[in-house]
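# Topology and contacts: notes
The lines below spell out each chain.
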Amino acid sequence: MTTTAPTETEDPPETAAEIARHQLDRAASHIDVDPGVVERLKHPKSVHQVSIPVERDSGEMEIFTGYRAHHDSARGPFKGGLRYHPGVTQEECVGLSMWMTWKCAVMDIPFGGGKGGVVADPKGLSEKENERLTRRLAEELRDVIGPMRDIPAPDMGTNAQTMAWFMDAYSMQEGESHPGVVTGKPPVIGGSYGREEAPGRSTAIITREALDYYGKDVEETTVAIQGFGSVGANAARLLDELGANVVAVADVEGAIRDPDGLDTRDVLSHEEEPGMVSGYDAPDNLSNADLLELDVDVVIPAAIGNVLTVDNADNIQADFIVEGANGPTTTRADEIFAEREIPVIPDILANAGGVTVSYFEWLQDINRRAWTLEEVNEELEDEMLSAWNDVRGAYNAYDDVTWREAAYIVGLTRVAKAHEVRGLWP
Ligand code: GLU
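Residues numbered from 1 in each chain as written. Predicted model: local features only at pLDDT ≥ 70, side-chain atom pairs only at ≥ 80, totals over all residues. Heavy atoms only, no water.

Further remarks concern the packing of aromatic side chains. A full pass over the atoms with the stated rule returns 14 aromatic pairs. The interplanar angle of 45 degrees and the centroid separation of 6.3 Å between the aromatic rings of Tyr359 and Phe360 together place this pair among those described as tilted. Like Tyr359, the residue Phe360 is buried in the burial classification. Residues Tyr395 and Trp403 carry aromatic rings whose centres are separated by 3.9 Å and whose planes lie at 10 degrees to one another, so their mutual orientation is stacked. According to the relative accessible area criterion, Trp403 is buried, its value standing at 2%. Through pairs of rings, three or more aromatic residues link up here, namely Tyr213, Tyr214, Phe320, Trp388, Tyr395 and Trp403. (Phe/Tyr/Trp six-rings, centres within 6.5 Å; stacked < 30°, edge-to-face > 60°. Buried < 20%, exposed > 50% of the residue type's maximum accessible area, 1.4 Å probe, protein only.)

This is the structure in structure tokens:
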């Protein structure tokens, strides 16, 4: 592998939307697609901003700001997560909604792309405050969401309970029960078995397939995973089950390493017990950032965006990068990995198990019939293999494209075709 020195010393600051637009341009340059459609897809259809008054437990009132970005719905209702995080911005929601459009199209599921967030630190909210915030948010967004319009799901800082409150508030106001207004709910109210583990499961399945493509055996692979929440912890445990040697994992507070392999079931995830990763009795403790630079076969960023940048791209020693998080790689870092011939298996394929099982959940809600965990996992395996085959086909068919470009080629071709046959109205 060759190493080329970056031409800049720093990544220019990029928002998720800028990264997403850049990626779209690169993909579009490889295929014959109407430039008008590409231009349209650089912009969200609409972005809704709401003010959410919440009564704090102290009795004081505080106004939170929320966004819901609707990127594209040519292939079906808007679909995507809802995050509660102090760093949420409108631009971030737009970029994330664009990635949802491609993710759903790569998986060939009949949804478009949406994403939303509230500028709030959930750790600074009591459970009751979180509930009041969620219910009021559902009410403020009621006109623009719905089972056939826009279907939120958990993301950073939200979970199955958040979805239950959201679904309840929406249903109460509509006067009828609408389980299909959100996915990622608890199974007792129409949630799907296997939804929570799904993004980690798909990350593990795609890692296995990518290794196989390059003639590597998963059982002879060392893996480091940044993030030990629902994506990272489930990917770690499934890769461990597949025989990989998971040597390092990290949560927000720090990383642990055991060159002989960690017992991934014994290390509790950040959701199961916050801070338990860095507090775990392992041979080595290291920083979150150092974990990414370990000499392992596969590194999986599965926490937050923009962690692989021009500042560390040249120091990455892994042979493969699999994106468990959404948008972990900046544009310049992506270019460096391409120059260094390190395959980056993109988020819109690797973590797409989440939205795929969300689609299964939505189908179960519409049909009022629950699937077993075995049915969900079997269908997920099939869908992931089919998407992997499509992306692999594009990777092999086009000269000199990255895995990200190959995934975009698959997604963009489907979205552009949908635009073409629907046409521009009026
Ligand atoms: N937050 C998930 C994602 O980024 C959820 C998508 C969904 O299930 O709608 O893929």
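There is more to say after this.
Where helix H1 (residues 16-28) meets helix H13 (residues 403-422), the axes come as close as 9 Å, and the angle between the chain directions of the two elements is 80 degrees. The angle between H1 and H13 falls in the class roughly perpendicular. The segment H1 lies against H13, with Ala20, Gln23, Leu24, Arg26, Ala27 and Ala28 engaging Arg404, Glu405, Tyr408, Ile409 and Leu412. Broken down by class, the residue content of the contact of H1 with H13 amounts to seven nonpolar, one polar and three charged. (Axes fitted to C-alpha atoms, helices over the stretch in contact; angles between N-to-C directions. Helix = DSSP H or I, 4+ residues; strand = E, 2+ residues; numbered from the N terminus. Parallel < 35°, antiparallel > 145°, perpendicular 65-115°, else oblique. Contact = heavy atoms within 4.5 Å. Nonpolar A, V, L, I, M, F, W, Y, C, P; charged D, E, K, R; others polar.)

A sheet is described by the order of its strands in space; here five strands give the open sequence S1-S2-S4-S3-S5, paired in mixed fashion. Two strands bound the open sheet, and with one partner strand each, they are strand S1 (46-55) and strand S5 (150-154). Geometrically, the sheet is characterised by an average inter-axis angle of 25 degrees between neighbouring strands, direction not taken into account. Relative to S5, strand S3 (residues 78-85) runs parallel, the two sharing five bridges. (Pairing = 2+ DSSP bridges.)

On to the side chain of Arg195. You can see Arg195 is positioned in the loop between helix H5 (160-174) and helix H6 (198-213). One buried charge, Arg195, has no salt-bridge partner; the nearest side chain with opposite charge is Glu361, at 5.2 Å. With sequence-adjacent residues up to four places away left out, Arg195 is seen in contact with Ala153, Pro154, Gly184, Gly354, Val357, Ser358 and Glu361. (Lys, Arg positive; Asp, Glu negative; His and termini not counted. Salt bridge = Lys/Arg side-chain N within 4 Å of Asp/Glu carboxyl O.)

This part covers a negative patch on the surface. A surface patch of like charges, here negative, comprises Asp212, Asp217, Glu219 and Glu220. For Glu220, a relative accessible area of 65% corresponds to the exposed category. (Patch = residues over 30% accessible without salt bridge, like charges linked within 9 Å, V, L, I, M, F, W, Y side chains within 5 Å. Areas by Shrake-Rupley, 256 points an atom, 1.4 Å probe, with all protein chains shown as cover. Charge placed at Lys NZ, Arg CZ, Asp CG, Glu CD.)

Taken in spatial order, the seven strands of this open sheet run S9-S8-S7-S6-S10-S11-S12, and their pairing is mixed. Looking at strand neighbours, the two that pair on one side only are strand S9 (284-286) and strand S12 (344-345), the edges of this open sheet. Sheet topology note: the strand S6 (residues 222-226)/strand S7 (residues 245-251) ladder contains five bridges and is parallel. The residue of S7 that forms the bridge with Ala224 is Ala248.

Glancing now at unusual backbone geometry. Note on backbone geometry: most residues besides glycine have negative phi, and most peptide bonds are trans. Backbone geometry places Asp108, a non-glycine residue, at a positive phi of 60 degrees. For Asp108, the location among the structural elements is in the loop between helix H3 (90-106) and strand S4 (112-119). Residue class for Asp108 comes out partly exposed when judged on its relative accessible area of 45%. The phi dihedral of Asn306 is positive, around 55 degrees, even though this residue is not glycine. Structurally, the position occupied by Asn306 is in the loop between strand S10 (298-301) and strand S11 (320-322).

The subject of this paragraph is the environment of Lys115. Residue position: Lys115 is located in strand S4. Of the residues examined, Lys115 reaches a relative accessible area of 2% and is grouped as buried. Once the C-alpha coordinates of Lys115 and Glu92 are considered, the two residues, 23 residues apart in sequence, prove to be 9.0 Å apart. A distance of 2.8 Å separates a polar atom in the side chain of Lys115 from a polar atom in the side chain of Asp155. (Polar contact = N/O pair within 3.5 Å; in protein donor to acceptor, adjacent residues only side chain to side chain.)

This part takes up the packing of H6 against helix H11 (residues 353-367). The geometry of H6 relative to H11 is characterised by a closest axis approach of 7 Å and an angle of 125 degrees between their N-to-C directions. Taken together, the axes of H6 and H11 are oblique relative to one another. H11 is crossed by H6, and the crossing has right-handed handedness. Along the contact surface, H6 presents Ala198, Pro199 and Ser202, while H11 presents Gly353, Gly354 and Val357. Tallied by class, the residues present in the contact of H6 with H11 amount to three nonpolar, three polar and no charged. (Left-handed = near helix turned anticlockwise from the far one by under 90°.)

In this structure, Trp99, Trp102, Val249, Leu349 and Leu412 are the most contacted members of the largest nonpolar core, which totals 87 residues. A total of 10 residues in this core trace back to one element, the largest contributor, which is H3. In this structure, Leu412 is in contact with Leu24, Ala27, Ala28, Ile31, Val33, Leu41 and Trp102, ignoring residues within four places of it in sequence. In terms of nonpolar packing, the next biggest core, distinct from the first, is built from 23 residues, Leu292, Val296, Ile321 and Ile336 among them. (Core = buried A, V, L, I, M, F, W, Y, C linked by side-chain atoms within 4.5 Å.)

Taken together, 14 residues lie around the ligand, and Lys79, Lys103, Asp155, Asn326 and Ser358 are the ones closest in. Between Lys103 and the ligand, the recorded distance is 2.7 Å, taken from a side-chain N or O atom to an oxygen atom. One of the backbone nitrogen or oxygen atoms of Pro154 is found 3.1 Å away from a nitrogen atom of the ligand. Here the ligand loses 94% of its free accessible area of 290 Å² to cover by the protein chains. Put simply, the parts of the chain that give the shell around the ligand at least two residues each are S3, H3, S5 and H11. Residue classes in the shell around the ligand are distributed as four nonpolar, five polar and five charged. (Near = heavy atom within 4 Å.)

Before going further, it helps to spend a moment on the pattern of salt bridges. Applying the stated criterion to the full structure yields 31 salt bridges. Among the salt bridges present, the one from Lys42 reaches Asp25, with a minimum N-O distance of 2.9 Å. Here Lys42 is found in the loop between helix H2 (35-41) and S1, whereas its partner Asp25 is found in helix H1, with 17 residues between them in sequence. For Lys42, a relative accessible area of 15% puts it in the buried group. Judged by its relative accessible area of 38%, Asp25 falls in the partly exposed class. We note a salt bridge from Glu361 to Lys185, for which the minimum N-O separation is 2.7 Å. Of this pair, Glu361 sits in helix H11 while Lys185 is found in the loop between H5 and H6, placing the two residues 176 residues apart along the sequence. Residue Lys185 is classed as buried on the basis of its relative accessible area of 3%. Because the salt bridges share partners, they merge into one network encompassing Arg83, Glu92, Lys115 and Asp155.

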